[in-house]
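Report on the structure
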Amino acid sequence: MRVVFLGSGSFAIPSLEALLDAGHDVAAVVTQPDREKGRGRSLAPPPLKPVAAARGLKILQPRRVREAESVAALRALAPDVQVVVAYGQILPRSVIDIAARGTVNVHASLLPLYRGAAPVQWAIVNGEAETGVTTMLIDEGLDTGPLLLAEATAIGEEETADALESRLAVMGGRLLVRTLSGLEQGALLPKPQDSTRATLAPLIKKEDGLIDWRQPAPALARRVRGFHPWPGTHTSLRGHGLRVLRAQVDGGEGAPPGTLIRVGRDGLVVACGDGTALRLVTVQPESRTPMPAAAFAAGARLTPGERLG
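Now for a look at the structure at hand. (Residues numbered from 1 in each chain as written. Predicted model: local features only at pLDDT ≥ 70, side-chain atom pairs only at ≥ 80, totals over all residues. Heavy atoms only, no water.)

**Concerning helix α6 (residues 161–184)**
For α6, which comprises 24 residues, the first-to-last C-alpha distance of 33 Å matches the rise-based estimate of 34 Å (1.5 Å per residue) to within 8%. Phi turns positive, to about 70°, at Gly186, one or two residues after α6. (Helix = DSSP H or I, 4+ residues; strand = E, 2+ residues; numbered from the N terminus. Expected span 1.5 Å × (residues − 1).)

Put into structure tokens, the structure is as follows:
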């Protein structure tokens, strides 16, 4: 089929490559404009752009896809179907309705669960045993369109958000190819979502990464994994910031939450809520590089009884 692909983030890369490898005619890739980045404020492309350029595809970068000029350019491409994966702009009805076979989205959850901007992160933080990818036809709601196909996968006990997202991106590419094949053959019947089962995955804020030691250790361990690499989880020690990059649940001793209760070769053990404890395995002190927590403790001469947070 003739496809217009709208995507920007790295999650979209496997989907684009899967379409091309399956022989679909990608008429154009629509992606976000280049943005200033870094201290030098030099322009950097969205992750999908270099991939599209390397495959020799036409690239469009409208500031706002809803503008009349952008809509006209998309119509002129005459796509059979539009595909949207991690694009970063909300599509108006004038864009959604351009393709005869609809506008298909790949979403990183088992809809209607985890509608929103951060489904991978919140699935981990909330302790879900499984998640997955879903293809749907886009409407004007927030991930509310009719469902096409879905595929589930278990969440690993130590899996971080970036690792899980990478797995889901590859799964999404495979599912997208199956979805377009089903649409082309007329074998897929879109199914309305059951909104009574819907949950939300709101945009993550930097402050979500602040560790509240009053929470139980299992919940904090999930936040460390779910918010890696961004915004990360962080606390303070001796008046300086400390990022927690890897942590595991450990045995508690009934100390006040935030109290350093053990220091050893396997890391730092900190008291948490409900009499639990969290072992910090890898940390990043303020203005320094990541390091084993045990090495940080030795260098800083930490002793039990000190307080974090």
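**A closer look at the packing of aromatic side chains**
As enumerated under the stated definition, the model contains 1 aromatic pair in all. With 5.6 Å between their ring centres and 90° between their planes, Trp122 and Phe227 make a pair best called edge-to-face. Highlighted residues: Trp122 in helix α5 (residues 119–125) and Phe227 in the loop between α7 (217–226) and β10 (233–237), separated in sequence by 105 residues. (Phe/Tyr/Trp six-rings, centres within 6.5 Å; stacked < 30°, edge-to-face > 60°.)

**Digging into the environment of Arg115**
Assignment of secondary structure puts Arg115 in the loop between β7 (103–107) and α5. Given a relative accessible area of 8%, Arg115 falls into the buried group. When the C-alpha atoms of Arg115 and Arg223 are compared, they prove to be 19 Å apart, with 108 residues separating the residues in sequence. Leave out the neighbours within four places in its chain, and Arg115 touches His107, Leu142, Asp143, Thr144, Gln193, Ser195, Ala198, Thr199, Leu200 and Ala201. A polar atom in the side chain of Arg115 sits 3.4 Å from the backbone oxygen of Asp143. A polar contact is formed between the side chain of Arg115 and the side chain of Ser195, at a distance of 3.3 Å. (Buried < 20%, exposed > 50% of the residue type's maximum accessible area, 1.4 Å probe, protein only. Contact = heavy atoms within 4.5 Å. Polar contact = N/O pair within 3.5 Å; in protein donor to acceptor, adjacent residues only side chain to side chain.)

**Remarks on the sheet that holds strand β6 (residues 81–85)**
Taken together, the 7 strands give an open sheet; going across it, the order is β5-β2-β1-β6-β7-β8-β9, and neighbouring strands pair in mixed fashion. A single partner strand is all that each edge strand has here, and the edge strands are β5 (59–60) and β9 (147–154). Taken together, the 4 bridges between β7 and strand β8 (residues 130–137) define a ladder with antiparallel strand orientation. Each residue of the ladder has a partner; that of Asn105, found in β8, is Met136. (Pairing = 2+ DSSP bridges.)

**Re the packing of helix α1 (residues 13–21) against α6**
Interhelical geometry of α1 versus α6 gives an angle of 40° and a closest axis separation of 7 Å. The angle between the axes of α1 and α6 places the two elements in the oblique class. Crossing geometry of α1 relative to α6 is assigned as right-handed. For the pair α1 and α6, contact is made by Pro14, Ser15, Ala18 and Leu19 and by Ala169, Val170, Gly172, Gly173, Leu176, Val177 and Leu180, respectively. Grouping the constituent residues of the contact of α1 with α6 by class yields 8 nonpolar, 3 polar and no charged. (Axes fitted to C-alpha atoms, helices over the stretch in contact; angles between N-to-C directions. Parallel < 35°, antiparallel > 145°, perpendicular 65-115°, else oblique. Left-handed = near helix turned anticlockwise from the far one by under 90°. Nonpolar A, V, L, I, M, F, W, Y, C, P; charged D, E, K, R; others polar.)

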